[in-house]
Amino acid sequence: MRVLVVEDHATLAARVAQGLRQAGMAVDVVHNGAAALEFAAKTGYDVIVLDRDLPVVHGDRVCRELAGSGPRILMLTAAGDVEDRVDGLELGADDYLGKPFVFAELVARVRALSRRAPSAPPVLRRGDLNLDRARHRASRGSRPLSLTRKEFGILELLEHVWDADVDPFSNIVSVTMTRLRRKLGEPPLIETVIGKGYRM
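The model shown is predicted, which means the values in this text are computed figures rather than measured ones.

Describing the pairing of strand β1 (residues 2-6)
β1 sits mainly inside the fold: 5 of its 5 residues count as buried. Across the two faces of β1 the burial is the same, with Arg2, Leu4 and Val6 and Val3 and Val5 all buried. Bridging between β1 and strand β2 (residues 26-30) involves 5 bridges; their strand directions are parallel. Note on β2: the bridge partner recorded for Val6 is Val30. In terms of handedness, the path from β1 via helix α1 (residues 10-22) over to β2 forms a crossover that is right-handed.

Quick look at the structure:
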């Protein structure tokens, strides 16, 4: 799952990102509304965690512009009165969580929103490879595959597995791809496209 955290308070943004990464999500962080719009235009996020009171472009405008465009929006803001929550939801947010918050609830809400995001069907098939996204199971023919979270995510969609800070040609990606190819077995399903990355 790929998440964009939009929060102008750098320390809080780093803590939220770290916690979401520990929960197995790929997370990018920006600190103003203009950057949020720019990143969202380039990357297919599943969920955007959006502070409301942002510099450069206000969070309300970001929410209005991105609502209904694909990613689900969770407003995470200190303005937690009922009227503020209603306003946020009226702007197009899918959920609203006031600060301070319990981190386990934030993770649960982000996961719930990602399940509602428009996405691929619950079971993906390519040749004899089957990915059951709901049960997090994979098989090739009748042989079950024991995949790590990253390996499973690669098979769903590479760009949703790592955040923007990871070079797709770095050693970590190469090692993971080698391990995944070994587990998938023959005939090969993943090929390297020189200068671009990988494809099935």
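Re the sheet that holds strand β8 (residues 137-140)
Taken in spatial order, the 4 strands line up as β6-β7-β8-β9 in an open sheet, and their pairing is antiparallel. Each edge of the open sheet carries a strand with a single partner, namely β6 (123-126) and β9 (143-145). Strand-to-strand twist in this sheet, taken as the mean axis angle between neighbours without regard to direction, amounts to 20°. Relative to strand β7 (residues 129-132), β6 runs antiparallel, the two being bridged by 4 bridges. Its bridge partner lying in β7, Arg126 is registered against Leu129. Sheet strands touched by helix α7 (residues 171-184): β7, β8 and β9. Its angle to β9, the strand with the most contacts, is close to 165°.

Conventions we followed
- Residue indices begin from 1 for each chain and proceed along its sequence in written order.
- Whole-chain, interface and lining totals are the exception, using all residues; otherwise, since this is a predicted model, local features are given only for residues with pLDDT of at least 70 and side-chain atom pairs are given and counted only at 80 or more.
- To get the side-chain values, all heavy atoms of the structure are used, and hydrogens and water are removed first.
- Categorising residues by exposure relies on relative accessible area from a 1.4 Å probe, with only protein chains included: less than 20% of the type maximum marks a residue as buried, more than 50% marks it as exposed, and the intermediate range marks it as partly exposed.
- Only runs of H or I of at least four residues qualify as helices and only runs of E of at least two qualify as strands under DSSP, and these elements are numbered from the N terminus.
- Strands pair, by our definition, only if DSSP identifies at least two bridges between them.
- Think of it like this: strands point away, you trace from the first strand over the helix to the second, and a clockwise trace means the crossover is right-handed.
- Structural elements are reduced to axes, namely lines fitted to C-alpha atoms, with helices fitted over the stretch in contact, and the angle between N-to-C directions of any two is expressed from 0 to 180 degrees.
- Any pair of residues with heavy atoms lying within 4.5 Å of one another is described as a contacting pair.

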